[in-house]
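Topology and contacts: notes
Here is how the chains run, residue by residue.
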Amino acid sequence: EQKVTEAWGLLKHKQREVVTMVLEPLRSCLEEELQVGLEELAELRKSKVLQAMEFFQVDVESSGAEIQGMPLPRYIHSFNRGGSIAECMAITQLGRLTDIVARYLNIPLPFAIDYKPSQCIIRGGGKDGKVELALSPPLGTVSGAP
């Protein structure tokens with residue numbers, strides 16, 4: 001019984017040595033590598049998002065913002081869905097860009113964006129979750145048809 005107790009004590013001591021001398025440094029090294037990898041991934045994602053913004057020609061200044069040369073409303077409550085076609089189209093393009101970036105970053109949006117040939121619709125919000133905002137006017141309106 002004494003030999004078993006001594007052997008058990010020796011095993012516990014060896015286990016502590018392995019944890020202290022091997023596993024702890026390995027854990028520390030892996031944590032550092034993970035942090036570096038996460039930082040590199042964040043930079044790559046940032047680069048892709050900036051490329052998407054460049055593709056959509058987003059221009060943000062202190063006086064306002066534009067997307068593809070169309071002005072964006074400064075505040076969402078100032079957006080008039082019955083307003084100018086350019087404003088509707090700018091909001092539509094911003095919706096498209098938001099949807100693309102959210103999908104790329106795997107971030108769920110609190111609303112759905114549907115694209116139809118004639119308009120962009122945001123679904124969600126409101127008390128019953130069924131609010132629909134048609135952001136772009138029908139194609140006939142855009143082309144100048146009655």
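Preceding this paragraph is the structure being described.
Residues numbered from 1 in each chain as written. Predicted model: local features only at pLDDT ≥ 70, side-chain atom pairs only at ≥ 80, totals over all residues. Heavy atoms only, no water.

1. Focus: the overall build of the protein
Under the convention used in this document: Strands are runs of DSSP state E lasting at least two residues, helices are runs of H or I lasting at least four, and both sets are numbered from the N terminus onward. Burial classes: relative accessible area under 20% of the type maximum marks a residue as buried, over 50% as exposed, and values in between as partly exposed (1.4 Å probe, protein chains only). Computed with the Shrake-Rupley method and a 1.4 Å probe, the accessible areas treat only the protein chains shown as cover for residues.
Along its length, the protein carries 3 helices and 6 strands. Its helices and strands in sequence order give the protein the pattern α-β-β-β-α-β-β-β-α, from N to C terminus. Residues counted as buried form 19% of the 146 residues belonging to the protein. As presented, the protein carries roughly 11100 Å² of accessible surface, and 60% of it is formed by carbon and sulfur atoms.

2. Focus: the packing of aromatic side chains
Threshold: Note on aromatic contacts: the rings of Phe and Tyr and the six-membered ring of Trp form a pair at centre separations within 6.5 Å, being stacked when their planes are under 30 degrees apart, edge-to-face when over 60 apart, and tilted otherwise. By definition, being over a ring means that NZ of Lys or CZ of Arg is both within 6 Å of the ring centre and within 35 degrees of the ring normal.
Applying the stated criterion to the full structure yields 1 aromatic pair. When the ring centre of Tyr104 is taken as reference, the NZ or CZ atom of Arg45 above it lies at 5.9 Å.

3. What to know about the environment of Ile67
Stated precisely, the cut-off is as follows: We call two residues in contact when some of their heavy atoms are within 4.5 Å.
Mapped onto the secondary structure, Ile67 falls in strand E2 (residues 64-67). The class for Ile67 is buried, based on a relative accessible area of 0%. Once you skip the residues sitting within four places of it in the chain, Ile67 turns out to touch Phe56, Gln57, Val58, Leu72, Ala90, Gln93 and Leu94.

4. Structural notes on a nonpolar patch on the surface
Filter applied, for reference: What makes a patch is a set of residues exposed beyond 30% relative accessible area and free of salt bridges, joined within 9 Å when like-charged and within 5 Å when nonpolar (Val, Leu, Ile, Met, Phe, Trp, Tyr). Definition used for salt bridges: Asp or Glu carboxyl oxygen within 4 Å of a side-chain nitrogen of Lys or Arg.
A cluster of nonpolar residues, Val18, Val19, Met21, Val22, Leu23, Leu26 and Leu30, forms a patch on the protein surface that exposes about 620 Å² of accessible area. With respect to the element layout, Val18 can be found in helix H1 (residues 2-55). By relative accessible area, Val18 is classed as partly exposed at 44%.

5. Observations regarding the pattern of salt bridges
Following the criterion strictly, the structure yields 3 salt bridges and no others. The salt bridge partner of Glu24 is Arg27, with a shortest N-O separation of 3.0 Å. Note that Glu24 and Arg27 are positioned in helix H1 at a spacing of 3 residues, about one turn of the helix. Judged by relative accessible area, which is 37%, Glu24 ranks as partly exposed. Put simply, Arg103 and Asp99 hold a salt bridge, and the shortest N to O gap is 3.2 Å. Of this pair, Arg103 and Asp99 both sit in helix H2 (residues 85-105), 4 residues apart, which is roughly one turn of that helix. Judged by its relative accessible area of 62%, Arg103 is exposed. Through salt bridges with shared partners, one network takes in Glu24, Arg27 and Glu31.

6. Some words on the side chain of Gln93
To keep it simple, the criterion reads: What qualifies as a polar contact is a pair of N or O atoms within 3.5 Å, subject to a donor-acceptor requirement within protein and to the restriction that residues adjacent in sequence count only when both atoms come from side chains.
Assignment of secondary structure puts Gln93 in helix H2. Given the relative accessible area of 15%, Gln93 is considered buried. At a separation of 3.0 Å, a polar atom in the side chain of Gln93 contacts the side chain of Arg96. Not counting residues up to four positions away in its chain, the partners in contact with Gln93 are Phe56, Ile67, Gln68 and Met70.

7. Regarding the nonpolar core
Counted only if it meets this: To qualify as a nonpolar core, a set must consist of buried Ala, Val, Leu, Ile, Met, Phe, Trp, Tyr and Cys residues joined through side-chain atoms within 4.5 Å.
Counting 10 residues, the largest nonpolar core consists of Val49, Ala52, Phe56, Ile67, Met70, Leu72, Ala90, Ile91, Leu97 and Val101. Where this core is concerned, the elements lending two or more residues are H1, strand E3 (70-72) and H2. It is H2 that contributes the most residues to this core, 4 residues altogether.

8. Here's the deal with the sheet that holds strand E1 (residues 58-61)
Keep this limit in mind: Pairing between strands is defined by DSSP: at least two bridges between them are needed. The angle between two axes is taken between their N-to-C directions and runs from 0 to 180 degrees, where each axis is a line fitted to C-alpha atoms and a helix contributes only its stretch in contact.
Taken together, 3 strands build an open sheet; the order of strands is E1-E2-E3 and the sheet is antiparallel. The open sheet is flanked by E1 and E3, the only strands paired with a single partner. Pairwise comparison of adjacent strand axes, ignoring direction, gives a mean angle of 25 degrees for this sheet. Across 4 bridges, E1 lies against E2 in antiparallel orientation. When the sheet's bridge partners are listed, Val60 is paired in E2 with Ala65.

None of this, on its own, says anything about what the molecule does.
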